[in-house]
Amino acid sequence: MPASQGLAARLREIREVEQVLDHASELFPYESDGLTALRGRPAAVAFPTSTAAVAAIVRACNEAGVPFVARGAGTGLSGGATPVDGCVMIECSRMRRVLDIDAVNRTATVQPGLINAHLSEAVSALGLYYAPDPSSQSACTIGGNVAENSGGPHTLKYGTTSPHVLELEVVLPDGETVHLGRRDGHQVGFDLRGVFVGSEGTLGIVTAAVVRLLPLPEKTATLLASFRSLIDACRAVSDVVGRGIVPAALELLDDRTIDAVEASVYAAGYPRDARAVLLIELDGDAGSVDAERAEVEAICRDRAAVDVRVARDEAERQALWRGRKGAFGAMGRLAPDLYVHDAVVPRTRLPEVVEAINRAAESRGLQVANILHAGDGNVHPNLVFDRRDPGEVERIREVGAEILRICVDAGGMLSGEHGIGLEKRDYMHMVFDEADLEPMRWVHDTFDPGDLCNPGKQIPAPRACTESNPRHRGYDQVEF
Ligand SMILES: Cc1cc2nc3c(=O)[nH]c(=O)nc-3n(C[C@H](O)[C@H](O)[C@H](O)COP(=O)(O)OP(=O)(O)OC[C@H]3O[C@@H](n4cnc5c(N)ncnc54)[C@H](O)[C@@H]3O)c2cc1C
């Protein structure tokens, strides 16, 4: 009899669990996150509305010996929220309230299922905003952002999620509720808040977060620079940062991406004859923004930009960003399937890395469309394909691995922001040796000795172990 037998009925009895799904047809949407190539079958999906309900679900799973996996909006792209077969998914989307706004101390306390963009909307009338802005911000949740330490276009100046998280309320894998960090930022002892951020749902479940808010900048200028050469655009990126200018965002889109965006509902007026565009945003006090704008324009022209346009008003600025933030969605026009890759390299290596990635894809007859958080050296080569062609799936797998090798050899890392999840778990050996990985396993096993909390993600089993290693249960077939 499966361990999960009868568990759904038990979960339905927990107060403040609003709904429990356990019919096969209801469970289908929960079989994967945004990385649809990897799938699992949960036994049930529970929708708690309070911390106490999350803790009760976790305790029930412990008693039944059933694994559990937290889920926000399921927009993750590395298989972090892929269910392990027979697990309970703890779906946080009904825990979406802003619990408190402290305008004086510039903090907000929110539930984990709050959609990222809704936080800035909630505090904008106070002249405040929440800086981390993944391109998926209209859907992804604060809980998912904390688990992935998500970045976004504005990471270049403001950092990823971690520096914006002050305190976390967490249900640990044994059902105990604890607080990590402090809302006033005066942390002493081990920084367990820092350990938790980026742990991809493997150390417990966030049930509330105290986050930093920032004052809205006095002035923002958004520029679109068009280039006839992708390499010139990459070089302009290094020139801007090398001059000591830190734009709020410095994004690059190549010609295939421009075509996809301009043919879609996200059309932003990007020039279709450009080989690449840079979307550059400067913010701060009016004087420095004006001075930096002039300097950035000059740098781009020195790198042979054919045009540099400045958004004249907020509507034009929003249109330019709509194109960038809708770019992944727009790629649905190119082919039935999309593999969004993510890696990071030193910014100065971008020209050769992007060329090598394009060669690796094109030599296998694959199309790649590049979007870069270029200021951070974060590359997103997007590989479009058709999964009905098994040869094409195999070539995608091969080129995915080669892209990681190219980036690591250039001094880079396996992920810039999408996390390791299942997708890159087994590539961790590419950059970490066993001695580096072992302390990660200690930390994991201290929080979750029973290995029930989102098992099998992020940390690979020791190389000496066989495929049947329990750390990899349910996911021996990692496709990408
Ligand atoms: C179009 C598109 C654009 C994207 N752009 C960006 C980008 O610019 N920057 C970026 O960093 N990412 C980006 N992503 C990836 C993704 O949106 C982020 O990783 C995001 O943080 C995931 O949030 P989510 O709520 O969807 O989490 P999910 O996908 O549901 O889960 C992600 C991970 O978080 C864990 N988790 C979820 N909730 C909790 C919780 N309450 N407690 C503990 N663990 C939890 C899950 O177990 C899983 O491991 C993009 C994705 C898409 C589809």
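So, a few notes on the structure that sits alongside this text.

**Some remarks on the overall build of the protein chain**
1) Next: Of the regular secondary structure elements, the protein chain holds 16 helices and 19 strands.
2) Next: Against the globule reference of 23 Å for 480 residues, the protein chain gives a C-alpha radius of gyration of 22 Å, in line with a compact fold.
3) Next: Within the protein chain, the fraction of its 480 residues that count as buried is 50%.
4) Next: Here the analysis covers contacts within the protein chain between residues at least 6 apart in sequence; of these, 71% occur between residues at least 24 apart.

**As for the nonpolar core**
1) Next: Counting residues in hydrophobic clusters, the biggest one holds 67 residues, and the most contacted among them are Ala225, Ala236, Val237, Val277, Leu278 and Ile357.
2) Next: Residues in contact with Leu278, not counting those within four places in the same chain, are Ala225, Ala233, Ala236, Val237, Leu250, Glu251, Leu252 and Cys300.

**A look at the site of the ligand**
1) Next: The environment of the ligand is made up of 36 residues, and the closest members are Gly72, Gly80, Gly143, Gly144 and Gly201.
2) Next: With five residues, the single largest contributor to the shell around the ligand is helix 5 (residues 142-148).
3) Next: Considered class by class, the residues forming the shell around the ligand number 13 nonpolar, 18 polar and five charged.
4) Next: Mapped onto the domain boundaries, the shell around the ligand takes at least three residues apiece from domain 1 (7-94) and domain 2 (98-215).

**Points about the sheet that holds strand 2 (residues 44-48)**
1) Next: Ordered by their spatial adjacency, four strands build an open sheet running 1-2-4-3, and the pairing between neighbours is mixed. Each of the sheet's edge strands pairs with one partner strand only, and the pair in question is strand 1 (17-21) and strand 3 (68-71). Strand after strand, the sheet turns through a mean of 20 degrees between neighbouring axes, direction not considered.
2) Next: Here strand 2 runs beside strand 4 (residues 88-91); their pairing, made up of three bridges, is parallel. Its bridge partner being in strand 4, Val45 is matched across the sheet by Met89.

**Section: the sheet that holds strand 6 (residues 107-110)**
1) Next: The five strands lie next to each other as 5-6-10-8-9, forming an open sheet whose pairing is antiparallel. The open sheet has two free edges, formed respectively by strand 5 (98-102) and strand 9 (177-181), since each of these has just one partner strand. Averaged over all adjacent pairs, the angle separating strand axes in this sheet is 15 degrees, with direction ignored.
2) Next: Sheet topology note: the strand 6/strand 10 (residues 205-212) ladder contains four bridges and is antiparallel. Following the sheet pairing, Thr107 is matched in strand 10 by Arg212.

**Looking at the pairing of strand 3**
1) Next: The two faces of strand 3 match: Phe68 and Ala70 on one face and Val69 and Arg71 on the other face are all buried.
2) Next: Where strand 3 and strand 4 come together, four bridges link them in parallel fashion. Across the sheet, Phe68 pairs through a bridge with Val88, a residue of strand 4.

**A word on the environment of Pro460**
1) Next: Relative to the helices and strands, Pro460 resides in the segment after helix 16 (434-447).
2) Next: Of the residues examined, Pro460 has 22 C-beta atoms within 10 Å and is grouped as buried.
3) Next: Each C-alpha atom of the pair Pro460 and Glu91 lies 25 Å from the other, and the pair is 369 residues apart in sequence.
4) Next: Beyond its immediate stretch of four places on either side in the chain, Pro460 contacts Arg425, Asp426, Met428, His429 and Leu437.

**Digging into helix 13 (residues 350-362)**
1) Next: Compared with the 18 Å implied by 1.5 Å per residue over 13 residues, the 18 Å span of helix 13 between its first and last C-alpha is a close match.
2) Next: Looking only at helix 13, the buried set comprises Leu350, Val353, Val354, Ile357, Ala360 and Ala361. All buried residues of helix 13 lie within an arc of 125 degrees about the axis, which places them on one face of the element.
3) Next: Contacts made by the buried residues of helix 13 are with helix 8 (230-242), strand 18 (367-373), strand 19 (378-385) and helix 14 (390-409).

**As for helix 8**
1) Next: Given a rise of 1.5 Å per residue, 13 residues ought to cover 18 Å, and the 19 Å separating the end C-alpha atoms of helix 8 matches this to within 8%.
2) Next: Every buried residue of helix 8 is accounted for by Leu230, Asp232, Ala233, Cys234, Ala236, Val237, Ser238 and Val240.
3) Next: A positive backbone phi angle near 90 degrees is found at Gly244, which sits one or two residues after helix 8.

**Description of the packing of helix 8 against helix 10 (residues 286-302)**
1) Next: The contact between helix 8 and helix 10 brings their axes to 9 Å, and the two run at 145 degrees. The hand of the helix 8/helix 10 crossing is right-handed. Mapping the contact onto sequence places Ala236, Asp239 and Val240 in helix 8 and Val296, Ile299 and Cys300 in helix 10.
2) Next: Residues of the contact of helix 8 with helix 10, tallied by class, amount to five nonpolar, no polar and one charged.

**As for the environment of Asp259**
1) Next: Tracing the backbone shows Asp259 in helix 9 (residues 255-262).
2) Next: Here Asp259 falls in the partly exposed class, since 16 other C-beta atoms lie within 10 Å of it.
3) Next: Residues Asp259 and Tyr270, 11 residues apart in the sequence, show an inter-C-alpha distance of 8.7 Å.

Rules behind the numbers
- Residues numbered from 1 in each chain as written.
- Predicted model: local features only at pLDDT ≥ 70, side-chain atom pairs only at ≥ 80, totals over all residues.
- Helix = DSSP H or I, 4+ residues; strand = E, 2+ residues; numbered from the N terminus.
- Rg over C-alpha atoms; globule rule 2.2 N^0.38 Å.
- Buried ≥ 20, exposed ≤ 12 C-beta atoms within 10 Å, placed from the backbone.
- Contact = placed C-beta atoms within 7 Å.
- Core = buried A, V, L, I, M, F, W, Y, C linked by C-beta atoms within 7 Å.
- Near = placed C-beta within 6 Å.
- Nonpolar A, V, L, I, M, F, W, Y, C, P; charged D, E, K, R; others polar.
- Domains from an automatic or database assignment.
- Pairing = 2+ DSSP bridges.
- Axes fitted to C-alpha atoms, helices over the stretch in contact; angles between N-to-C directions.
- Expected span 1.5 Å × (residues − 1).
- Arc of directions from axis to C-beta.
- Left-handed = near helix turned anticlockwise from the far one by under 90°.

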